[in-house]
Amino acid sequence: MITKPKIKDGVTVMYRKIRAGYEVSFYFPASSKCHSFLLNKRGFECLGYMRGGSSIEDIARKCRIDIQSLNHLIGLLDKINVLESSPVIVGKELTRFSRQLNFFADFEKEGISRVDMQRKLQDSSVGVVGLGGVGSWVAQGLALAGVKNLTIVDPDRVELSNLSRQCLYANTDIGSTKVSAIQKSLTSLDDKIVCTCFQTAIDSVKKCSRIFRGVDLVINCADHPDVDVMNRLVSRSCFASNTPHILCGGYDGHLSFIGPTVIPGKTPCWFCYEHGIDKKKKASGLQHLPISEVQIQGGSIGAISAITANIHVLEAVRLLSGWSDPKMVGQTGEFDFLGLTLSHSSFSKIKTCKQCGRSPKK
Ligand SMILES: [Zn+2]
């Protein structure tokens, strides 16, 4: 029941005077939606009082409009989600996320408000494997979005060469473990964040399952011994525990690889994806010639790490808050930084997939 109508802070109102009255457009910048109405002079004037401070009766009196017409206008605006559905009680903790709440406001629907979306995020528990060029940005992005429980895993210590493309580390952290440096950074950003740290390499499914028991989402950002090996391992572990997981592809030169997102029991899995890649490899006849035993360290810059990681953070925020369905389900992306283009490739469940064929635990 709306008693003091208020146009949402995130909605942009544009108008132009035309012969028949006022053509008014309400833009929702986050969802890119727009609704337009033709209003007469009195209806148009009412909009100026819809700031949450005036009652319906006050507005009707000031704009010399009858209550029935005003209620009709309010009904129209409410139907297209322009008005606050109820007074938003924003405590100190939610004030931190006021801009994010305005973003979520465009996507409010029956049964889930922007505050519900934010609370879902804050109540989530996320595991991050690897805290390098992708993982450090992922940890930061999750914390900025409001995720309060993070389980972070990395065996390494901070080195000088990390500081050009990995965030949350400082000069004074060189020599410290990455997990402790990130824990320090994140708790200084927000003292409500709980970081559970494991300074270890995830080298078995069993270990992965033990570390991430009970989390809502696991994001693999580790690339040692290589990205594919780690994605297989994390995917096996997450399937056993029925845990959604996002498999970051990392970056190489001018390209970064995005996704996929896997929800056990519902979506195609990493092994379905690899099945398609293996078929393409076989068809091409190309093979890799190893020149060096040392792991190849491709060139990169911090901006590429940040963009790659934050596309995955956005996917995690979609999944955890419910503001939108995840976009990388059954598909991977390739971001070309030379041309600034993003292309997608889809893949489907493979009937013979050994992993998808197993029923995840309820
Ligand atoms: Zn599969």
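The sections below set out a description of the structure shown in this document. (Residues numbered from 1 in each chain as written. Predicted model: local features only at pLDDT ≥ 70, side-chain atom pairs only at ≥ 80, totals over all residues. Heavy atoms only, no water.)

## Structural notes on the packing of helix 7 (residues 135–145) against helix 8 (residues 178–189)
At their nearest, the axes of helix 7 and helix 8 sit 10 Å apart, and the two run at 20° to each other. By the angle between their directions, the pair helix 7 and helix 8 is classed as roughly parallel. Crossing angle aside, the handedness with which helix 7 passes helix 8 is right-handed. For the pair formed by helix 7 and helix 8, the contact residues are Ser136, Ala139, Gln140, Ala143 and Leu144 on the first element and Ile182, Leu186 and Leu189 on the second. A breakdown of the residues in the contact of helix 7 with helix 8 according to their chemical character gives six nonpolar, two polar and no charged. (Axes fitted to C-alpha atoms, helices over the stretch in contact; angles between N-to-C directions. Helix = DSSP H or I, 4+ residues; strand = E, 2+ residues; numbered from the N terminus. Parallel < 35°, antiparallel > 145°, perpendicular 65-115°, else oblique. Left-handed = near helix turned anticlockwise from the far one by under 90°. Contact = heavy atoms within 4.5 Å. Nonpolar A, V, L, I, M, F, W, Y, C, P; charged D, E, K, R; others polar.)

## Side note on the pairing of strand 5 (residues 149–153)
For strand 5, a buried count of four out of five residues is recorded, marking the element as mostly surrounded by other parts of the structure. With five bridges connecting them, strand 4 (residues 125–129) and strand 5 associate as parallel partners. Following the sheet pairing, valine 129 is matched in strand 5 by valine 153. (Buried < 20%, exposed > 50% of the residue type's maximum accessible area, 1.4 Å probe, protein only. Pairing = 2+ DSSP bridges.)

## Re the coordination of the zinc ion
Put simply, the ideal angle at a metal is 109.5 degrees for four donors in tetrahedral geometry and 90 or 180 degrees for six donors in octahedral geometry. Coordination of the zinc ion by the protein is provided by Cys269 (SG), Cys272 (SG), Cys353 (SG) and Cys356 (SG), with metal-donor distances spanning 2.2 to 2.3 Å. Coordination at the zinc ion comes from four donor atoms whose angles at the metal span 98 to 119°, giving a geometry best classed as tetrahedral. (Donors = N, O, S within 2.8 Å, 3.2 Å for Na, K, Ca; no water. Tetrahedral: all angles 85-135°; square planar, octahedral: opposite > 155°, others 65-115°.)

## Observations regarding the packing of aromatic side chains
In this structure the tally under the stated criterion is eleven aromatic pairs. For the ring pair phenylalanine 103 and tryptophan 323, a centre distance of 5.2 Å and an interplane angle of 90° mean the geometry is edge-to-face. Here the residue phenylalanine 103 occupies a position in helix 5 (residues 98–105), and tryptophan 323 occupies one in the loop between helix 12 (302–321) and strand 12 (331–336), the gap between them amounting to 220 residues. Given the relative accessible area of 32%, phenylalanine 103 is considered partly exposed. Three or more aromatic residues joined by ring pairs make a cluster, and in this case those are Phe103, Phe104, Phe107 and Trp323. A cation sits over an aromatic face here: lysine 17 above tyrosine 22, 5.1 Å from the ring centre. (Phe/Tyr/Trp six-rings, centres within 6.5 Å; stacked < 30°, edge-to-face > 60°. Lys NZ or Arg CZ within 6 Å of the ring centre and 35° of its normal.)

## Examining the nonpolar core
When a protein is soluble and globular, its nonpolar side chains tend to lie buried together. Residues Val138, Leu142, Leu150, Leu186 and Ile219 are the most contacted members of the largest nonpolar core, which totals 40 residues. Counting only elements with at least two residues in this core, the list comes to helix 6 (114–122), strand 4, helix 7, strand 5, helix 8, strand 7 (217–220) and helix 12. In terms of nonpolar packing, the next biggest core, distinct from the first, is built from 25 residues, Leu39, Leu47, Leu77 and Ile80 among them. (Core = buried A, V, L, I, M, F, W, Y, C linked by side-chain atoms within 4.5 Å.)

## Here's the deal with the sheet that holds strand 12
Think of a sheet as strands paired side by side through backbone hydrogen bonds, with each pair either parallel or antiparallel. If you trace the four strands from one edge of the open sheet to the other, you get 9-10-12-13, paired in antiparallel fashion. For this open sheet the edge positions go to strand 9 (250–252) and strand 13 (341–346), each flanked by a neighbour on one side alone. When strand polarity is set aside, the average angle formed by the axes of neighbouring strands in this sheet is 20°. In terms of strand pairing, strand 12 meets strand 13 through six bridges, oriented antiparallel. In the sheet register, glutamate 334 faces strand 13, and the bridge partner there is serine 343. In the packing of helix 12 onto the sheet, the strands contacted are strand 9, strand 10 (255–258) and strand 12, and the crossing angle to strand 10 comes to about 15°.

## Describing helix 7
In terms of residue burial, helix 7 counts as a mostly covered element, since nine of its eleven residues are buried. Listed as buried for helix 7 are Gly135, Ser136, Trp137, Val138, Ala139, Gly141, Leu142, Ala143 and Ala145.

## So, the pattern of salt bridges
Taken as a whole and judged by the stated rule, the model has 13 salt bridges. We note a salt bridge from lysine 6 to aspartate 9, for which the minimum N-O separation is 2.7 Å. The exposure class of lysine 6 is partly exposed, given its relative accessible area of 23%. Between lysine 184 and aspartate 173 there is a salt bridge; the shortest N-O distance is 2.7 Å. Here aspartate 173 lies in the loop between strand 5 and helix 8 and lysine 184 lies in helix 8, a separation of eleven residues in the sequence. A residue is classified by how much of its surface remains accessible, and aspartate 173, at 3% relative accessible area, is buried. (Salt bridge = Lys/Arg side-chain N within 4 Å of Asp/Glu carboxyl O.)

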